[in-house]
There are 4 protein chains.
Amino acid sequence: MKRIKTAIVGASGYTGMELLRILLTHPGVELVAVTSRAEAGKRIDQVFPRFAKAAGAELTFSEPDADAIAATGAEVAFLALPHGVAAEIARALLERGLKVIDLSADFRLRCPALYEEFYGHPHPAPDLLEKAVYGLPEIRADEIKATSLIASPGCYPTSILLPLLPLLRENLIEPATIVANSMSGVSGAGRKADLSLLFCECNESARAYGVPKHRHLSEIEQELTLAAGETVVISFLPHLIPVNSGIVTTTTAKIFGGADPELIGKALTSAYADARFVRLLGRGKAADTKMVTGTNFIDIGWEFDPRTNRVILMSAEDNLGKGAGGQAVQSFNIMSGLDEATGLGLW
Amino acid sequence: MKRIKTAIVGASGYTGMELLRILLTHPGVELVAVTSRAEAGKRIDQVFPRFAKAAGAELTFSEPDADAIAATGAEVAFLALPHGVAAEIARALLERGLKVIDLSADFRLRCPALYEEFYGHPHPAPDLLEKAVYGLPEIRADEIKATSLIASPGCYPTSILLPLLPLLRENLIEPATIVANSMSGVSGAGRKADLSLLFCECNESARAYGVPKHRHLSEIEQELTLAAGETVVISFLPHLIPVNSGIVTTTTAKIFGGADPELIGKALTSAYADARFVRLLGRGKAADTKMVTGTNFIDIGWEFDPRTNRVILMSAEDNLGKGAGGQAVQSFNIMSGLDEATGLGLW
Amino acid sequence: MKRIKTAIVGASGYTGMELLRILLTHPGVELVAVTSRAEAGKRIDQVFPRFAKAAGAELTFSEPDADAIAATGAEVAFLALPHGVAAEIARALLERGLKVIDLSADFRLRCPALYEEFYGHPHPAPDLLEKAVYGLPEIRADEIKATSLIASPGCYPTSILLPLLPLLRENLIEPATIVANSMSGVSGAGRKADLSLLFCECNESARAYGVPKHRHLSEIEQELTLAAGETVVISFLPHLIPVNSGIVTTTTAKIFGGADPELIGKALTSAYADARFVRLLGRGKAADTKMVTGTNFIDIGWEFDPRTNRVILMSAEDNLGKGAGGQAVQSFNIMSGLDEATGLGLW
Amino acid sequence: MKRIKTAIVGASGYTGMELLRILLTHPGVELVAVTSRAEAGKRIDQVFPRFAKAAGAELTFSEPDADAIAATGAEVAFLALPHGVAAEIARALLERGLKVIDLSADFRLRCPALYEEFYGHPHPAPDLLEKAVYGLPEIRADEIKATSLIASPGCYPTSILLPLLPLLRENLIEPATIVANSMSGVSGAGRKADLSLLFCECNESARAYGVPKHRHLSEIEQELTLAAGETVVISFLPHLIPVNSGIVTTTTAKIFGGADPELIGKALTSAYADARFVRLLGRGKAADTKMVTGTNFIDIGWEFDPRTNRVILMSAEDNLGKGAGGQAVQSFNIMSGLDEATGLGLW
């Protein structure tokens, strides 16, 4: 298999680590650059001893410089950077002919004003938004194939959108009644020295945070609105729980009066029967993070409550996998004309 | 302080262990009997080495026999037994003149038919239901004082009811829009040899379960209905997370159009400003299980989402404390004419 | 790559699950039979939802019957059974022409009397012991290639033997001073419904067990004795800690008076510089289980204490990986003439 | 009970938090000052919401100024500060007539040169060393009663010394053969924003660290030497494991040839039968951290290995309890003429 020269920009966090985990053994990838301001000058296997003895792990972290990255011959760059920072280097890399898969929020929203509302500063590159594709492979494979700028979705949005989108497209549920409850592993908060993320502060702890207007709501509602064909505003209740990785989301919404609840299962099957990384558990089955951690799968089960006329959607994914690095590589594969599962293993 | 002779019936599970933890050092209690079919003949400190060197921990577990318990002179019995089993021994103990604090579900529902609907068998003692008081001390202190049979509430219900009841009583929220999302520590599932409760099956795992009709819904809706003055049916989404103990519940409901959101905070303050074991965190503050584990406190914070017109109630308690043993002792104290905090320590 | 028809006998425990994880995607393996008395009749992906959508996961568990296994055309069988049980089916499978890789203790000891001393019953198949090879691939690759019966080492022994063997062979340390201190994840205790393995009994807990004569001591001392050329008796202190998988072992021994401590590092390098699955961390570096979980690596660091004249060997492995399933597959690869890393991925 | 005016200097770390937990409800204590440079100006219940609603938790953190502390009328000060920093404020407080209980290492060693060897800088107050008492209450109750400066022992030393001291005093074991293996919860590393202490770096991880010359070795060997009457040098192997608190230590040493192993149990019983906070588990029993967390107990079990002629001592304590705050309060009680268990509860 021809190897595509690939860079990871911002590879020292947990998402960067997951991209390394996948790309170091991806048969269609030759890793030519990894960058990190903090770790520049160190080898991958020094920063992440887990990768010692992997072919390629002797590569040295460099400063994130667009010219230097381009000079390596890199054809594609993954960006695992904070929002705001990603846009600038994305532009520079696009100008130098690279394709860009951005895992930050910078290109996920179509509307710069919405970005400013949720992220608190003007959008750093509004002219690029038109070009960007919100990279949910199960929904936009064709657009992903055709673009040079993928905005890879966030971890919470993926776990909420994939179960809901088919139901909204088929007009089965009342959008205004949607409540999405999510629980995320601590890696979702990033790899930063912060008291609140210490072991003793997170272990034996569970707590809500980020209500009522978590930043991810903006992309969630954008995509739900597109699917519903009308403005959708939802309740989103994120929580932090003491697991390393994994998100479990339980979403509930009223079905339209008179609808047959079995249409829920049919809509999911119709949407995902052939989706390589969606596993439908069926009615009455709850998704469990431990079944998906380390994989690119999202598991989806559902139930119906006749007492409240509400559907209950239960999904689980690895926030670093299908919620970040795995999904980005899935898009990379599609964009590169490879089988979408290349290098993603099975678990 | 005069010591009340007290028995714990079914003291070998996690709730029994928490009752022991509290009652062994409770200045108003003399523990005269602890029963367990499985552990009969062993001393408390043999079954629970944690209690070694405590005065009273040399007491020996006996078989759960009403005559034998009465013969110890016990005036009050705590029952930490499975539902269905508790009712029978409760009756026998009541007939022998003991007061009973039952931590099972047997006396929580006023309507035997509802019990049968949710628990799958006819109520074992319907004639006793009228006498039983649903023992939420913050709501029914006077009735608790006057009864000889307390049905101590379940762990999920306590975390859902305490934040919601004042809002329903003051008619601030639309009952049909309530969604309660809970995460419970594994001790809530009991101390039983079951593959699904093994360390390796629960650690690094999070999952919904028991939807759409968890048994606790019956008592939750009964109490919400009483407070609202109309039939309330809600969505309840319980999850299991990898902590030993602690429940965090995030409940959301629409406020009635035009209501001032600050009335939420006022209603909570008005209800609980003087409640010894309710800590109001205020607006914008999330409750965290690690702040309440090992205590009888419930922490309650709230937020308002103007986008959806929904209030968000965030509560945390120890499922074994305020959700079980602590709350039962709080009722015991009230029933016995003691200060309600006696023996409950602060953490 | 030609696919070798392979069976897993006893595939419903944690070791069986790890063998499934590896073999379901092993390019040189066609899984033709998986057995489990408890799960017979269910599909792999029903027992282990983690494996849903894997090619081969629709295979159905059968009863462990030698004729039935042979009838599938299986050429090799992995046995993940309790000791005592494994020997019987091993014999039957060998008689039917299969090669056997046994992960139990049944064929690890050369001396039946030693087996009886440590396992409490007469050896079930003493005549087969001569044929069996103690399958440490780094030590006995040639014998592994030539045999049809591999006794794959236990988890503790692997973590203790690999660091110690080179030092004993080169006569650098005093055998009588060896103390090996190990901490194991809970999966090492097996997947069985046992109160002591419940989440709430293991979480926030650490404890020694199995002292002074853990069963694994027998194979550890057998191999140390072979390397030292004299009888070696050591202290072995195993502990249970709250992680799913992973063993960290810290072993200390006096070096012979006057020896240069740097010879320790040289001996390790000389032994393992070319070993695919041994990663030498060097002097002053401690091994960490999180760097090896999910892999077939063992990491080894060392330090010297001039105050006591003791070397400190620090090793980490995944008890299910290099300590069980991974190592067994490594031996399978060698035995089958494949590259020893086939199917083992890198993490 | 008369309340002694008490200050905690450096109360924002995990040890300070444990001191607060105990002292806020201690019937013989009136907390008059708590200091923290980082948290000055905030109330206790703002920094530690766990303590909300406790009487005294509205006290405000101040800067650590000796005059200001003395001006509160404080009679005793607990110091929970880094080594090096503690000595300076200790001197100032002693000069102002306060008694000082220092939980740092500054006054634990009798010899300033040893301090400099292990802590890397000259001792900050060598003239005070003579006055200081190494505060192991089980060993030095009389000296604790008489002093105004207590050096409260470290967490590892307590778990190692209490089992070993009686055996050395009775000359039962060979000092040169002692190997102490310890596993500590993460709170032992302190409450500081450090990448290596993040949840995702500690969870599912176990690792040795600090070998071969952990700072605590200095006080351990000082006390062992005093007990043995000869210079004792030992191997100490500390590890970090993923629990919030708790230390389990397994120590092994050869018994002198011909000694009756049962003398081990007798020596322990003779030393600790009347010790309020030592629980002897007996022969063949392993100590488990979960039995002691949240308490001031140390549990000690032992075993003998006739194969190696070694005793195995298994101890467990809460590193924040008997290993830090609990023990300091135990000394405070003794020093203040109170019952030594005052305010320490039982768990």
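Quick caveat: nothing in here was measured; it's all calculated off a predicted structure. For every chain, the first residue of the written sequence is number 1, and numbering continues from 1 onward in sequence order. All chains are assigned letters beginning at A, and all ligands numbers beginning at 1, according to the order in which they are written. Owing to the predicted nature of the model, reporting of local features is limited to residues with pLDDT of at least 70; listing and counting of side-chain atom pairs is limited to 80 or more, with chain, interface and lining totals taken over all residues. Calculated side-chain values reflect all of the structure's heavy atoms, with hydrogen atoms and water omitted.

> Hey, could you run me through the interface of chain A and chain D in this one?
Where interface size is quoted, it is often the accessible area lost as the parts come together. Should any heavy atoms of two residues lie within 4.5 Å, those residues are counted as being in contact. Counting residues at the interface gives 19 residues for chain A and 19 residues for chain D. Carbon and sulfur atoms supply 63% of the area that chain A and chain D bury against each other, a total of about 1700 Å² over both sides. By convention, the term buried area covers the 1.4 Å-probe accessible surface removed from two parts as they join, with the contributions of both added. Summed over the three residues of chain A that lose the most area to chain D, namely Phe199(A), Cys200(A) and Asn244(A), the buried surface amounts to 38% of that side. Think of a salt bridge as a Lys or Arg side-chain nitrogen and an Asp or Glu carboxyl oxygen that are within 4 Å of each other. Put simply, chain A and chain D have two salt bridges between them.

> Would you mind showing me how to read the packing of helix α5 (residues 112–119) of chain D against helix α9 (residues 216–228) of chain D here?
Each packed pair of helices is defined by two parameters, the angle between the axes and the distance between the axes. All names here are of chain D. At a minimum axis distance of 9 Å, the contact between α5 and α9 shows a crossing angle of 145 degrees. Residues Leu114, Phe118 and Tyr119 of α5 pack against His216, Leu217 and Ser218 of α9. Classification used: nonpolar for Ala, Val, Leu, Ile, Met, Phe, Trp, Tyr, Cys and Pro, charged for Asp, Glu, Lys and Arg, polar for all others including Gly. Along the lines of polarity and charge, the residues of the contact of α5 with α9 split into four nonpolar, two polar and no charged. Every axis corresponds to a line fitted to the C-alpha atoms, with the helix fit spanning only the stretch in contact, and the corresponding angles, defined between N-to-C directions, vary from 0 to 180 degrees. Elements are defined by DSSP. Helices are runs of H or I of four residues or more, strands are runs of E of two residues or more, and each kind is numbered from the N terminus.

> Hey, could you run me through the domain arrangement of chain A in this one?
Residues and elements named next belong to chain A. Considered domain by domain, chain A is made up of domain 1 (4–131) and domain 2 (156–318). Facing the 13 residues of domain 1 at the interface are 13 residues of domain 2. Across the interface of domain 1 and domain 2, roughly 1300 Å² is buried in total on both sides, 52% from carbon and sulfur atoms. Of all residues in domain 1, the largest losses of buried area upon contact with domain 2 belong to Tyr14, Arg108 and Phe118, amounting jointly to 46% of the total for that side. Taken together, the links from domain 1 to domain 2 amount to two salt bridges. Measuring nitrogen to oxygen at the nearest pair gives 2.6 Å for the salt bridge that ties Glu117 to Lys213. Counted as a polar contact is a pair of N or O atoms within 3.5 Å, where, for protein atoms, one must be capable of donating a hydrogen and the other of accepting one, and residues adjacent in sequence contribute only when both atoms are in side chains. The tally of links from domain 1 across to domain 2 stands at eight residue pairs in polar contact (both at pLDDT 80 or more). Ranked by the residues each element gives to the side of domain 1 that touches domain 2, the list is headed by helix α5 (residues 112–119), at four residues. For the side of domain 1 that touches domain 2, a count of residues per class yields six nonpolar, three polar and four charged. Where a domain begins and ends is set by an automatic assignment or by a domain database.

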